[in-house]
Amino acid sequence: MPLIQCEQLGKSYHEGGGELRVLHDINLQVEQGERLAIIGASGSGKSTLLNLLGGLDEPSAGRVLINGEDFSHMNEVARCRIRNRQLGFIYQFHHLLPEFSALENVAMPLLIDGQSAEQAAAAAEQALAEMGLSQRLRHKPGELSGGERQRAAIARALIHKPQCILADEPTGNLDRKNAQQVINIIAELNSTHNTALVIVTHDMHIAEKMDRILELEDGELKLAD
Ligand SMILES: Nc1ncnc2c1ncn2[C@@H]1O[C@H](COP(=O)(O)OP(=O)(O)OP(=O)(O)O)[C@@H](O)[C@H]1O
Ligand SMILES: [Mg+2]
């Protein structure tokens, strides 16, 4: 059974009486442990697709199955549970909670999942250390640099060792050294825990390290040449 399956997935926006069709009849399977890159021009619908895969947005047509379960049409509580346990998001723009410290932000998914505060804090401290942020545990997002925020958001996405990481330009705001570090950590999760990767990227060096490269064009997903 594929980890993620999209069936005839479509997404349109309705604005000012017109219809903007962003995605059209997308059929996609992501297997356990598979590494997939999605490329495409700005505005081609990459973030839209990733949001649908992660259940952050509702499709206009078709559905997304996660481990065979209809993710697109389940209730919000069930969807949140799957999202929290099985998926890790790395967004184009970080979504750390501004009033919490880096440590608290990274510990959050484990606390939501019922782990004790001590366990969650210890795991969060280690995840932040792996991102080179040992000296920034008590900083709030507003007190971190852009790259540090991005790395904290990545630590949070990886903390519960999800089955699949959905990443939208994970290295877009990072310098070469930090970008390489992030890619290494994601690749290591893939090889040690068989974590599937779906990475939206403009960086062909990253895309070429994946098993498959798919390109979004005119609302359709094709094997890139
Ligand atoms: N909520 C919305 N309402 C209306 N149109 C939207 C909405 N969200 C996105 N769009 C439009 O859908 C199209 C696809 O947007 P999307 O963010 O998926 O592109 P993208 O491929 O991720 O681009 P980029 O590489 O610039 O991040 C764009 O033309 C955008 O303007
Ligand atoms: Mg985008």
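Above this text sits the structure in question.
Now for a look at the structure at hand. (Residues numbered from 1 in each chain as written. Chains lettered and ligands numbered in written order. Predicted model: local features only at pLDDT ≥ 70, side-chain atom pairs only at ≥ 80, totals over all residues. Heavy atoms only, no water.)

**Section: the pattern of salt bridges**
Part 1: Under the criterion given, the structure shown has eleven salt bridges.
Part 2: Here Arg63 and Glu7 are joined by a salt bridge, their closest N and O atoms 2.8 Å apart. One end of the pair, Arg63, is in strand S4 (residues 61-66); the other, Glu7, is in strand S1 (residues 4-15), and 56 residues separate them in sequence.
Part 3: By relative accessible area, Arg63 is classed as partly exposed at 30%.
Part 4: Between Glu58 and Arg79 there is a salt bridge, and its shortest N-O distance comes to 3.2 Å. Taken together, the residues span a long stretch of sequence, with Glu58 in the loop between helix H1 (46-53) and S4 and Arg79 in helix H2 (residues 76-86) at a distance of 21 residues.
Part 5: Accessibility expressed as a relative area gives 7% for Arg79, which makes it buried.
Part 6: Residues joined in a network through salt bridges with shared partners are Glu58, Glu76, Arg79 and Arg83. (Salt bridge = Lys/Arg side-chain N within 4 Å of Asp/Glu carboxyl O. Helix = DSSP H or I, 4+ residues; strand = E, 2+ residues; numbered from the N terminus. Buried < 20%, exposed > 50% of the residue type's maximum accessible area, 1.4 Å probe, protein only.)

**Some thoughts on the sheet that holds strand S10 (residues 220-223)**
Strands belonging to one sheet form pairs held by backbone hydrogen bonds; the direction of such a pair is parallel or antiparallel.
Part 1: Across the sheet, which stays open at both edges, the six strands sit in the order S6-S7-S8-S3-S9-S10 with mixed pairing between neighbours. Lying at the two open borders of the sheet, with one neighbouring strand each, are strand S6 (87-90) and S10. Across the sheet, the mean angle separating the axes of adjacent strands is 20° when strand polarity is ignored.
Part 2: As paired strands, strand S3 (residues 35-39) and strand S8 (residues 196-200) are joined by four bridges and run parallel to one another. (Pairing = 2+ DSSP bridges. Axes fitted to C-alpha atoms, helices over the stretch in contact; angles between N-to-C directions.)

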